[in-house]
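A closer look at the structure
The lines below spell out each chain.
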Amino acid sequence: MAFSKSVSMPCPDGVDSKSLGRPMPTEKRSWVVRQLRAWFDTSAIVSVDDERADRIDWLRATPFIAMHLACIAVIWVGVSPVALIVAAALYAVRMFAITGFYHRYFSHRTFRTSRAVQFIFALIGASCVQRGPLWWAAHHRHHHRHADTELDPHSPNVYGFIWSHVGWFLTPRNFQTDISRVPDLAKFPELRVLDRYDTLVPVLLAVSMYFLGVLLHHVAPQLGTSGGQMLIWGFFVSTVVLFHATVTINSLAHRFGSRRFETKDSSRNNLWLALITFGEGWHNNHHYFPGSSRQGFRWWEIDITWYGLKLMSALGLVHGLKPVPAWVHAKARG
Ligand SMILES: [Zn+2]
Ligand SMILES: [Zn+2]
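Residues numbered from 1 in each chain as written. Chains lettered and ligands numbered in written order. Predicted model: local features only at pLDDT ≥ 70, side-chain atom pairs only at ≥ 80, totals over all residues.

Regarding helix α12 (residues 200-219)
Stated formally: Helix and strand assignments come from DSSP, with helices taken as H or I runs of at least 4 residues and strands as E runs of at least 2, each series counted from the N terminus. Multiply 1.5 Å by the residue count of a helix minus one, and that product is the helix's expected span. To sort residues by burial, count the other C-beta atoms lying within 10 Å of each one's C-beta; a count of 20 or more means buried, 12 or fewer means exposed, and anything in between means partly exposed. C-beta atoms are built from the backbone. Note that the arc is computed from the directions linking the helix axis to the C-beta atoms. Contact between two residues is assigned whenever their backbone-derived C-beta positions fall within 7 Å.
End to end, α12 covers 28 Å across 20 residues, agreeing with the expected 28 Å (1.5 Å per residue, within 8%). Taken together, the buried positions of α12 are occupied by Leu205, Met209, Gly213 and Leu216. Seen end-on, α12 carries its buried residues on one side only, within an arc spanning 80°. Set apart from the buried face of α12 by more than 90 degrees, the exposed residues are Val207, Phe211, His218 and Val219. Next to the buried residues of α12 lie α4 (81-107) and α13 (227-251).

As for the confidence of the model for the chain
We apply this condition: Per residue, pLDDT captures the predictor's confidence, and it can take any value from 0 to 100.
With 90% of its residues at a pLDDT of 70 or more, the chain has an overall mean of 90. Every residue in residues 1-20 scores below 50 in pLDDT, and together they form 28 contacts with partners more than four places removed in sequence or on other chains.

Examining helix α16 (residues 304-314)
Listing the buried residues of α16 in full gives Thr305, Trp306 and Leu309. Angular distribution of buried residues about the axis of α16 spans 100°; they occupy a single face of the element. Exposed residues pointing more than 90 degrees away from the buried face of α16 are listed as Leu311 and Ala314. Buried residues in α16 make contact with α4 and β2 (318-319). Count one or two residues on from α16 and you reach Gly316, which has phi positive near 80°.

A short note on unusual backbone geometry
The phi angle at Arg131 is positive, at roughly 65°, despite the residue not being glycine. Relative to the assigned elements, Arg131 resides in the loop between α5 (115-126) and α6 (133-145). At Asp148, a residue that is not glycine, the phi angle is positive and equals roughly 60°. Structurally, Asp148 can be placed in the loop between α6 and α7 (156-159).

Here we look at the environment of Glu190
Relative to the elements of secondary structure, Glu190 occurs in helix α11 (residues 189-196). Between the C-alpha atoms of Glu190 and Leu123, which are 67 residues apart in sequence, the distance is 9.7 Å.

Things to note about the packing of α4 against α5
The cut-off we apply is this: To get an axis, a line is fitted to the C-alpha atoms, and for a helix only the part in contact is used. The angle between two axes follows their N-to-C directions and goes from 0 to 180 degrees. When describing relative orientation, an angle under 35 degrees is termed roughly parallel and one over 145 degrees roughly antiparallel, while 65 to 115 degrees is termed roughly perpendicular and anything else oblique. In a left-handed crossing the near helix is turned counterclockwise from the far helix by less than a right angle, and in a right-handed crossing that turn is clockwise. Throughout this entry, Asp, Glu, Lys and Arg are counted as charged residues, while Ala, Val, Leu, Ile, Met, Phe, Trp, Tyr, Cys and Pro are counted as nonpolar. The remaining residues, Gly among them, count as polar.
Interaxial distance between α4 and α5 falls to 8 Å at its minimum, and their mutual angle equals 120°. One way to sum up the angle between α4 and α5 is to call them oblique. Here α4 and α5 pass one another in a crossing that is left-handed. Touching Val93, Arg94, Ala97, Ile98, Phe101 and Tyr102 of α4 are Phe121, Ala122, Ile124 and Gly125, all from α5. Partitioned by chemical class, the residues of the contact of α4 with α5 number eight nonpolar, one polar and one charged.

Shown next, in the form of structure tokens:
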């Protein structure tokens, strides 16, 4: 069942009704300061209390919940074609950064690229509010190693659909980045900075969206947009839709679809998920052979990320794309 990993509201250290109305003790104040600091600097997370490690930290979850609530503001800011176009373009570019780079490059090293291109796509990936590249890759490698066992942080079969979709990453244990899983990425200081200050890039994108709207309102008022409208559509709506599309691969792609390969996990191939995630829906293919840059193994298995990577390869921006080996094709059913 949903939230099966015990999501009872954690009581802040020692807070009880008797203390209400009294000044906050120093150690409690420092606990709050440390918690809030961790919103902006992930290195502030120094230890995890084992008792609370696997429960949702509701204080830390408030920005995530607020992002969803912010979308309701479409009622007040209205909509315009240009706001929808910007929102869709940001969805597409950022989905490609997540699938092509956070996933197929940083997590699985299925091709090579220059340090500059690596950084640019890490930066775009960081704007998706899915944390930094080290955090993302570390958790994803762990998922592959233990898929659909109790050690898999987001198995829908072990922990339920809602937990796999929106619960697991809001726990203190999963806020942390286990650097030992990503030593190859941790050697780049610029990636460590993106990982440490993982709210910085999203905030910059949100501010940019607001000023883009203000600018368009002044120079092209006929477009019918504004700072608030562009902020809500370009940042909040686009990011929330992008988020839910991405995590369907954790939740739905381990439940619904067909299985071409007998893998130990319950991964599935699903055309609909492949369309919204630019190719990641061929998840059973991917779990069977994660070492390929391509996840649609047949010509008809639409894999937009793969087409994008082929284009980047033709332009000389990436190289060494790893193909699907002949022995994998030979093992395929259908
Ligand atoms: Zn999976
Ligand atoms: Zn993967």
